[in-house]
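Fold and geometry: a report
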Amino acid sequence: KLVPSAACRSGCRLADMDKINFANGRLLSRSEAEGSERAGFRFVNGRQEPEAREVPLESSSSSGSTKVAEHATEPSMVPSGPAASPYETILGRNAQGHQRRLVLFDGQCRLCMGFVSIITGRDSSDLFRFAPLQSGLGQKVLAWHRLPADLDSVVLHREAEVFTHSDAALEVLGDLDGVLSGLWGLKVVPQFLRDWGYGLVAKNRYIMLGHSSISEAGDAAIEAKLADRWEPDPNCADHICKS
């Protein structure tokens with residue numbers, strides 16, 4: 001009888017007493033699974049992928065100043081499980097003992113700040129923490145997941161899994177209070193259509209609502225849940241994000 005493992009999040013891993021694993025749509029034998037772990041693979045979104053490595057990052061860049069929060073110090077690199085990332089200890093757990101998630105957003109996008117504000121206002125379980133994509137922590141998480149440093153998308157890091165574009169937005173909404181959580185059902189729409197709509201909004205977000213920054217927004221609820229900070233340099237026209 002197969003029983004979901006404690007580490008299982010999205011059906012990517014099942015285990016019984018013999019540690020039978022499920023990946024890439026089929027059951028793996030114990031020897032196959034253990035061989036994958038020894039070879040440095042991890043299971044992400046139900047797929048077997050190579051384990052990403054930590055990439056050192058300077059504390060500042062030409063595109064803006066990076067000011068790391070005290071609780072965003074260098075994490076321990078000792079994993080707590082086969083699919084553990086080094087950032088779970090930074091994020092911590094909520095009062096119910098659930099691992100928190102990290103949302104990365106464009107640190108100078110007013111529309112993105114609005115999305116983060118919606119999350120903080122409907123996150124009674126205290127599941128989410130935030131950081132700009134351009135921040136030190138944001139860049140390290142992108143590198144750990146082997147995503148481009150200039151990725152033009154909201155990113156959800158959840159227990160070593162990563163989601164981007166429309167998947168990230170809908171997975172976040174699905175964990176919120178009230179009717180907004182029902183929007184998770186839009187995942188039945190083919191991903192290429194969802195991502196097309198997401199990309200259309202993302203490409204025009206500065207035209208629609210303009211630029212902003214964390215300090216300019218002055219939202220105490222967002223400030224209280226930041227895992228790291230980044231402020232654009234007004235004297236520098238460069239921007240890490242492609243937009």
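Keep in mind it's a predicted model, so treat the numbers as computed, not measured.

1. Notes on the overall build of the protein
What the protein contains, in helices and strands, is nine helices and twelve strands. A burial count over the protein gives 44% of its 243 residues as buried. Intrachain contacts of the protein at a sequence separation of at least 6 include 63% that bridge at least 24 residues. Counting every atom, the protein has about 12,500 Å² of accessible surface; 57% of that belongs to carbon and sulfur.

2. Topic: the nonpolar core
Ranked by internal contacts, the top residues of the largest apolar core, which has 26 residues, are Phe128 and Phe130. Of all the elements in the fold, those that place two or more residues in this core are β8 (101-105), α3 (110-121), β9 (128-132), α5 (165-173) and α6 (191-203). With near-sequence residues (within four places) excluded, Phe128 lies in contact with Arg101, Val103, Ile119, Asp123, Leu156, Val172, Asp175, Leu176 and Lys225. Of all hydrophobic cores here, the second largest spans 16 residues; its members include Tyr87, Leu102, Ala131 and Ala160.

3. Section: the environment of Lys225
Within the secondary structure, Lys225 sits in the loop between α9 (220-224) and β12 (229-232). In this structure Lys225 comes out as buried when scored by relative accessible area, which is 14%. As a C-alpha pair, Lys225 and Phe128 span 97 residues in sequence and 7.5 Å in three-dimensional space. Ignoring any residue separated from it by four or fewer positions in sequence, one finds Lys225 in contact with Thr120, Asp123, Asp126, Phe128, Arg129 and Phe130. Engagement of the side chain of Lys225 in a polar contact is seen with the side chain of Asp123, the distance being 3.2 Å. A polar contact is formed between the side chain of Lys225 and the side chain of Asp126, at a distance of 3.4 Å.

4. Examining the pairing of β9
In terms of burial, β9 is a largely internal element, five of the five residues being buried. Residues Phe128, Phe130 and Pro132 line one face of β9 and the alternating positions Arg129 and Ala131 line the opposite face, and both faces are buried. Here β8 pairs with β9 via five bridges, running parallel. The residue of β9 that forms the bridge with Leu102 is Arg129. Handedness of the crossover joining β8 and β9 through α3 is recorded here as right-handed.

Definitions and cut-offs
- Residues numbered from 1 in each chain as written.
- Predicted model: local features only at pLDDT ≥ 70, side-chain atom pairs only at ≥ 80, totals over all residues.
- Heavy atoms only, no water.
- Helix = DSSP H or I, 4+ residues; strand = E, 2+ residues; numbered from the N terminus.
- Buried < 20%, exposed > 50% of the residue type's maximum accessible area, 1.4 Å probe, protein only.
- Contact = heavy atoms within 4.5 Å.
- Areas by Shrake-Rupley, 256 points an atom, 1.4 Å probe, with all protein chains shown as cover.
- Core = buried A, V, L, I, M, F, W, Y, C linked by side-chain atoms within 4.5 Å.
- Polar contact = N/O pair within 3.5 Å; in protein donor to acceptor, adjacent residues only side chain to side chain.
- Pairing = 2+ DSSP bridges.
- Right-handed = clockwise from strand over helix to strand, strands pointing away.

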